Amino acid sequence: MAYYPQLVIDALKTVIHPEKKQDIVSLDMVEDDIRINGKRVSFSLIFDRPNDPMVSTLKRMATQAIKAHLGDDCEIEGNIFVKIRKKEEKAPDPVLPAVKHVIAVASGKGGVGKSTVTANLAVALAQKGFKVGLLDADIFGPSIPIMFDTVEARPLLAEGSTEEKQLIEPIEKYGIKMLSIGYFVDPDSAIVWRGSMACNALKQLVTDTAWGDLDYLLIDMPPGTSDIHISLVQLINLTGAVIVSTPQKVALADATKGINMFQNDKINVPILGIVENMAYFTPAELPDNKYYIFGKDGAKSLAEKLNVPFLGQIPLVQSIRENGDTGTPAALDANSPTGKAFAELADKLSRSI
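Residues numbered from 1 in each chain as written. Predicted model: local features only at pLDDT ≥ 70, side-chain atom pairs only at ≥ 80, totals over all residues. Heavy atoms only, no water.

1. Digging into the overall build of the protein
No. 1: Looking only at helices and strands, the protein has 10 helices and 13 strands in total.
No. 2: Once the C-alpha set of the protein is aligned to its principal axes, its extents read approximately 80 × 60 × 35 Å.
No. 3: Across the 353 residues of the protein, 48% fall into the buried class.
No. 4: The contacts in the protein between residues at least 6 apart in sequence include a share of 73% that link residues at least 24 apart.
No. 5: Only carbon and sulfur atoms are counted for the fraction: they give 51% of the accessible area of the protein, which is about 17600 Å².
No. 6: Considering the protein, the positive charge centre built from 37 side chains and the negative charge centre built from 44 side chains are found 6 Å apart. (Helix = DSSP H or I, 4+ residues; strand = E, 2+ residues; numbered from the N terminus. Buried < 20%, exposed > 50% of the residue type's maximum accessible area, 1.4 Å probe, protein only. Contact = heavy atoms within 4.5 Å. Areas by Shrake-Rupley, 256 points an atom, 1.4 Å probe, with all protein chains shown as cover. Lys, Arg positive; Asp, Glu negative; His and termini not counted. Charge placed at Lys NZ, Arg CZ, Asp CG, Glu CD.)

Shown next, in the form of structure tokens:
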């Protein structure tokens, strides 16, 4: 049987996208690069993003369709390639026009070290020469002021403020511009607000701050999935989200929900990757030993299962906790094992973007 491109197209018209309910040819997902050499057939499928969860499924479905229409002797395995659709240059965000990338750092549950990862990731990016901002969006449990030893700091009005528009000058430390509701309230008092009040406060922190030119604005999100997350997505264009989890099943179950929230059709924020925090315990006196207290490679396996990037593992070491309590993030020591782990995380995040 002689093969020709139209036969391949006809076969691929039978492949229905599981979510969009249309065939992949109609969805313009088949690249115009079909090559036929004897019984060998190759072509590319086009996806909107590299971490599309349908990549493996559609490649398998396309292989089955080609075999069914062209015969079992057709050489198609390993010859379906993936290309990413080129996007038009994104217009500046009207709310944050001078910020290149806005990244939400989130978790499905509390206690997984999300704020610790955010703080150290910000430091690691700043040490690489990037202009970095950090917004503490955890309205009910702000922790960034403690982690940077700026609890007593009080933001001032920025230059250029007018009676009509008063802008807040963010607190700056270690080369990072940061802002938190913690700078405006008594640190010993609980914040008892309804959801609408918290959302309005977050909006003010975003829009009424003189962030200036930034390469990255990291947003330390509250744990879980709430109206604050929805309000933020509606307010600004997020470049993507980073999910922090520990390896144990209970944390992974909640991390999965967090990923599903961002991938929801109404939110549609790309997942830049998963970070496995407290991946293993390494005692200071035995730096080469690893003890998997919370399980091994749980978040790494979840990333593979959901077809999203895995950004790396952060060990459970005493110095990370100590540095967080003293306001000197562990990533400041770039030559320490912890500092190197966060530096590598910063590199992988940049590549993922």
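2. Focus: the pairing of strand β3 (residues 80-84)
No. 1: Inspection of the sheet shows strand β2 (residues 40-47) paired to β3 by 5 bridges, in the parallel sense. Each residue of the ladder has a partner; that of Phe43, found in β3, is Ile80.
No. 2: Each parallel crossover has a hand, and for β2 linked through helix α2 (residues 55-70) to β3 it is right-handed. (Pairing = 2+ DSSP bridges. Right-handed = clockwise from strand over helix to strand, strands pointing away.)

3. Description of the pairing of strand β9 (residues 176-180)
No. 1: For β9, the tally of buried residues reaches 4 of 5 residues, placing the bulk of the element in the interior.
No. 2: Pairing analysis gives 3 bridges linking strand β8 (residues 171-173) to β9, with the strands arranged antiparallel. Each bridged residue has a counterpart across the sheet, and for Ile171 the counterpart in β9 is Met178.

4. Observations regarding the sheet that holds strand β1 (residues 35-37)
No. 1: Reading across the sheet, the 3 strands line up as β1-β2-β3 and stay open at both edges, with mixed pairing between neighbours. The open sheet has two edge strands, β1 and β3, and neither has a second partner. The average undirected angle you get between the axes of adjacent strands in this sheet is 20°.
No. 2: Two elements, β1 and β2, share 3 bridges in a ladder whose sense is antiparallel. Following the sheet pairing, Arg35 is matched in β2 by Ser42.
No. 3: Against the sheet, α2 contacts β2 and β3, and its axis sits at roughly 145° relative to β2. (Axes fitted to C-alpha atoms, helices over the stretch in contact; angles between N-to-C directions.)

5. With respect to empty space enclosed by the protein
No. 1: Counted by the stated rule, this structure contains 1 cavity of 30 Å³ or more.
No. 2: Computed from the structure, the largest cavity encloses a volume of approximately 50 Å³.
No. 3: Lining the largest cavity are Thr116, Ala119, Asn120, Met147, Ile320, Asn323, Gly324, Pro329 and Ala330.
No. 4: Secondary structure elements with two or more residues in the lining of the largest cavity: α3 (114-127) and α9 (318-326).
No. 5: Tallied by class, the residues present in the lining of the largest cavity amount to 5 nonpolar, 4 polar and no charged. (1 Å grid on protein atoms, 1.4 Å probe; cavity = no way out; pocket = protein on both sides within 12 Å on 5 of 7 lines; lining within 4 Å. Points joined across faces, edges and corners; volume = space filled by probe spheres on them. Nonpolar A, V, L, I, M, F, W, Y, C, P; charged D, E, K, R; others polar.)

6. Digging into the layout of surface pockets
No. 1: Of the pockets and cavities examined, the second largest pocket occupies roughly 600 Å³.
No. 2: As for the second largest pocket, its lining consists of 30 residues, of which Thr282, Pro315, Val317, Pro337 and Thr338 are closest to the centre.
No. 3: Mapped by element, the contributors of at least two residues to the lining of the second largest pocket are β12 (271-281), β13 (310-316), α9 and α10 (337-352).
No. 4: Considering every element that reaches the lining of the second largest pocket, the biggest residue donor is α10, with 7 residues.
No. 5: Here the lining of the second largest pocket is built from residues that sort into 15 nonpolar, 9 polar and 6 charged.

7. A look at the sheet that holds strand β10 (residues 214-220)
Think of a sheet as strands paired side by side through backbone hydrogen bonds, with each pair either parallel or antiparallel.
No. 1: As summarised here, the arrangement of the 8 strands in space is β8-β9-β5-β10-β4-β11-β12-β13, forming an open sheet in which the pairing is mixed. Every interior strand has two partners, whereas the edge strands, β8 and β13, have only one. Averaged over all neighbouring strand pairs, the angle between strand axes comes to 25°, with direction disregarded.

8. Re the packing of aromatic side chains
No. 1: What the rule picks out here adds up to 4 aromatic pairs.
No. 2: Where Phe148 meets Tyr174, the ring centres are 6.0 Å apart and the plane angle is 40°; that geometry is what we call tilted. Separated by 26 residues along the polypeptide, Phe148 in the loop between α4 (144-147) and β6 (156-157) and Tyr174 in the loop between β8 and β9 bring together distant segments of the chain.
No. 3: Of the residues examined, Phe148 reaches a relative accessible area of 0% and is grouped as buried.
No. 4: With a centroid separation of 6.4 Å and an interplanar angle of 40°, the aromatic rings of Phe281 and Tyr291 are classed as tilted. In this pair, Phe281 sits in strand β12 while Tyr291 sits in the loop between β12 and α8 (298-306), placing the two residues 10 residues apart along the sequence.
No. 5: A relative accessible area of 30% places Phe281 in the partly exposed class.
No. 6: For Tyr291, a relative accessible area of 38% puts it in the partly exposed group.
No. 7: Seen from the ring of Tyr280, Lys290 lies directly overhead, with NZ or CZ sitting 4.6 Å from the centre. (Phe/Tyr/Trp six-rings, centres within 6.5 Å; stacked < 30°, edge-to-face > 60°. Lys NZ or Arg CZ within 6 Å of the ring centre and 35° of its normal.)

9. A word on the confidence of the model for the protein
No. 1: With 95% of its residues at a pLDDT of 70 or more, the protein has an overall mean of 86.
No. 2: Taken element by element, the protein is modelled with least confidence in helix α6 (residues 227-235), mean pLDDT 80, and with most confidence in β10, mean pLDDT 94. (pLDDT = per-residue confidence, 0-100.)

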